[in-house]
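Listed below, chain by chain, are the residues.
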Amino acid sequence: MSTKGVPGSKAAPQDKLSRGCWAEKGAELVLVEQVKTPTVVYLSIDAKKAAKPAAMAQVDFEKQFEGWTWHDKTPFPWDRVLK
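It should be emphasised that the depicted structure is a prediction, and the values quoted were computed from it without experimental measurement.

Definitions and cut-offs
- Residues numbered from 1 in each chain as written.
- Predicted model: local features only at pLDDT ≥ 70, side-chain atom pairs only at ≥ 80, totals over all residues.
- Heavy atoms only, no water.
- Salt bridge = Lys/Arg side-chain N within 4 Å of Asp/Glu carboxyl O.
- Helix = DSSP H or I, 4+ residues; strand = E, 2+ residues; numbered from the N terminus.
- Buried < 20%, exposed > 50% of the residue type's maximum accessible area, 1.4 Å probe, protein only.
- Pairing = 2+ DSSP bridges.
- Contact = heavy atoms within 4.5 Å.
- Axes fitted to C-alpha atoms, helices over the stretch in contact; angles between N-to-C directions.

With that settled, consider the pattern of salt bridges. Counting across every chain of the model gives three salt bridges. Residue R19 is joined to E33 by a salt bridge in which the shortest nitrogen-to-oxygen separation is 3.8 Å. Placement of the pair is R19 in the loop between β1 (2-3) and β2 (22-25) and E33 in strand β3 (residues 28-36), with a sequence separation of 14 residues. On the basis of relative accessible area, R19 is assigned to the exposed category, the value being 64%. One salt bridge connects E24 with R80, and the closest N-O pair in it is separated by 2.9 Å. A residue pair is termed long-range when its members are at least 10 positions apart, and E24 in strand β2 and R80 in helix α2 (residues 78-82) qualify at 56 residues.

Another point: the sheet that holds strand β4 (residues 39-46). Here six strands make up an open sheet; going across it, the order is β1-β6-β2-β3-β4-β5 and the pairing antiparallel. Of all strands in the sheet, those bounded by a partner on one side alone are β1 and β5 (52-57). By the bridge criterion, two bridges tie β1 to strand β6 (residues 69-71) in an arrangement that is antiparallel. Within β6, the residue paired with T3 across the bridge is W70. Strands in contact with helix α1 (residues 58-65) are β3, β4, β5 and β6; relative to β5, the strand with the most contacts, it is inclined by about 115 degrees.

Bringing the pairing of β5 into the picture now. Note that β4 and β5 share six bridges and pair antiparallel. Paired with V40 across the two strands is M56, which belongs to β5. Turn length for the β4-β5 hairpin, with the two strands adjacent in sequence and antiparallel, is five residues.

Following this line, the structure appears as structure tokens:
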């Protein structure tokens, strides 16, 4: 199942932003590596560019990635990245 909201950013549907959550928007992918409140460490992958690790405050992370399609119960699609 996917959602447009960052996991844990709202009370419903009672999910949690954690390692392994990922999102997609067009050719861009985001993979959460670690959540140490108030910081989220993540990998940003663009099919047209190299992947790069980054970190930002969780509040800012939730704002930047709201509206992306989030997946917290399915594995990251490494096959799409490795093509």
